[in-house]
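Take a look at the letters that make up each chain.
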Amino acid sequence: VMEKAGPEHPYWPRDLSVPGYTPNDRSVAEILAFLFSVSGVLLVGTWWATGRAGGLSGGRRLALCWFAVCGFVHGVIEGWFSLNYRSLPSDQSFLSQLWKEYSKGDSRYIIADNFTVCMETITAWAWGPLSVWTVLAFVSSQPYRFVLQLIVSLGQLYGDVLYFYTEYRDGFSHSQLGHPLYFWFYFVSMNALWIVIPCLLILDAWRHLSVAQALSDRAGRARGRPKRE
């Protein structure tokens, strides 16, 4: 009696059904080189552009570098997933191969898990464009710039908390738990950035908006204590 062949894919759990799966023909090195080289170019380019704009501190320029990279990651990479998640297992386009590689750390992407599709679609089409708008708002000193920073950062934090929490409730079953590359780097480390940095930017926006409101209240009292808004 012939033994039943196991699933011909690298994803967890091992009995996961991935119809139409086609292995990548791009190496891990090629995929990661693309991701980090584009991000690096955006970091350097934004740092240079914000320096030419003038009037921005080093810390603020670093924050704008972050939002520029977020615009790329959310709008392009996650935008690709939100449009092509149905054909991902068999598609050999470069960005689909990137997602097939990342799915080794979270197989919810390769099976188009409902939460993942909804979360990534909101991230792509809301936080992607708003990240770019945030950069432009700071460069042009728009009065709503810290409001944008707060909205985008809070949205990123909320989405990422749900992302980790839903997988925790599933018992971390969609990755090889403890694997140094797939679990700790792809799933934990890369996503942890969207918890740590947004938390810092939320506190930063809170501080600036609170100072602005305090100055507005003080000016209102000087004019004769108008009705509070």
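Residues numbered from 1 in each chain as written. Predicted model: local features only at pLDDT ≥ 70, side-chain atom pairs only at ≥ 80, totals over all residues. Heavy atoms only, no water.

Chemist: How do you make sense of the UniProt feature "domain: EXPERA" (unreviewed entry) in the chain when you look at a structure like this?
Modeler: Listed under "domain: EXPERA" (unreviewed entry) in the UniProt record, and renumbered for this structure, are residues 59–202. Within residues 59–202, the helical portion is 76% and the strand portion 0%, while the C-alpha atoms at the span's ends are 14 Å from each other. (UniProt positions renumbered as here; feature names shortened; annotations may be inferred. Helix = DSSP H or I, 4+ residues; strand = E, 2+ residues; numbered from the N terminus.)

Chemist: Could you clarify how one ought to interpret a nonpolar patch on the surface in this entry?
Modeler: A surface patch of nonpolar side chains, about 520 Å² in accessible area, is lined by V132, W133, L136, Y144, V147 and I151. When contributions to the nonpolar patch are tallied by element, the ones reaching two or more residues are α4 (114–139) and α5 (145–169). If you tally residues by element for the nonpolar patch, the top one is α4, at 3 residues. Within the secondary structure, Y144 sits in the loop between α4 and α5. Overall, the relative accessible area of 32% leaves Y144 in the partly exposed class. (Patch = residues over 30% accessible without salt bridge, like charges linked within 9 Å, V, L, I, M, F, W, Y side chains within 5 Å. Areas by Shrake-Rupley, 256 points an atom, 1.4 Å probe, with all protein chains shown as cover. Salt bridge = Lys/Arg side-chain N within 4 Å of Asp/Glu carboxyl O. Buried < 20%, exposed > 50% of the residue type's maximum accessible area, 1.4 Å probe, protein only.)

Chemist: It is not clear to me how the UniProt feature "transmembrane region" (unreviewed entry) in the chain should be interpreted in this structure. Could you clarify?
Modeler: Within this numbering scheme, the UniProt entry marks residues 31–50, 62–83, 122–139, 146–166 and 181–203 as carrying the feature "transmembrane region" (unreviewed entry). In residues 31–50, helix accounts for 100% and strand for 0%; the two terminal C-alpha atoms are 29 Å from one another. Regarding residues 122–139, the helix share stands at 100% and the strand share at 0%, and the terminal C-alpha atoms are separated by 25 Å.

Chemist: Whenever I open this one, the nonpolar core confuses me. Can you help?
Modeler: Soluble globular proteins tend to bury their nonpolar side chains together. Among the nonpolar cores identified, the biggest contains 40 residues, and F67, I77, F81, W99 and Y109 are the most heavily contacted of them. Contributions of two or more residues to this core are made by α1 (28–53), α2 (58–84), α3 (94–102), α4, α5 and α6 (180–222). At 11 residues, α2 tops the list of elements feeding residues into this core. With residues near it in sequence (within four places) discarded, F67 still touches S131, T134, V135, Q149, V152, S153 and L201. (Core = buried A, V, L, I, M, F, W, Y, C linked by side-chain atoms within 4.5 Å. Contact = heavy atoms within 4.5 Å.)

Chemist: Honestly, the packing of aromatic side chains in this entry has me stumped. Any pointers?
Modeler: Here the distance between the centres and the angle between the planes together describe a pair of aromatic rings. Within the structure shown, the criterion is met by 26 aromatic pairs. Considering the side-chain rings of Y102 and Y109, the 5.3 Å spacing of their centres and the 80 degrees angle between planes classify their relative orientation as edge-to-face. Y109 shares its class with Y102; the two are buried. Here the guanidinium or amino end of R61 rests over the ring plane of W47, the centre of that ring lying 3.7 Å away. (Phe/Tyr/Trp six-rings, centres within 6.5 Å; stacked < 30°, edge-to-face > 60°. Lys NZ or Arg CZ within 6 Å of the ring centre and 35° of its normal.)

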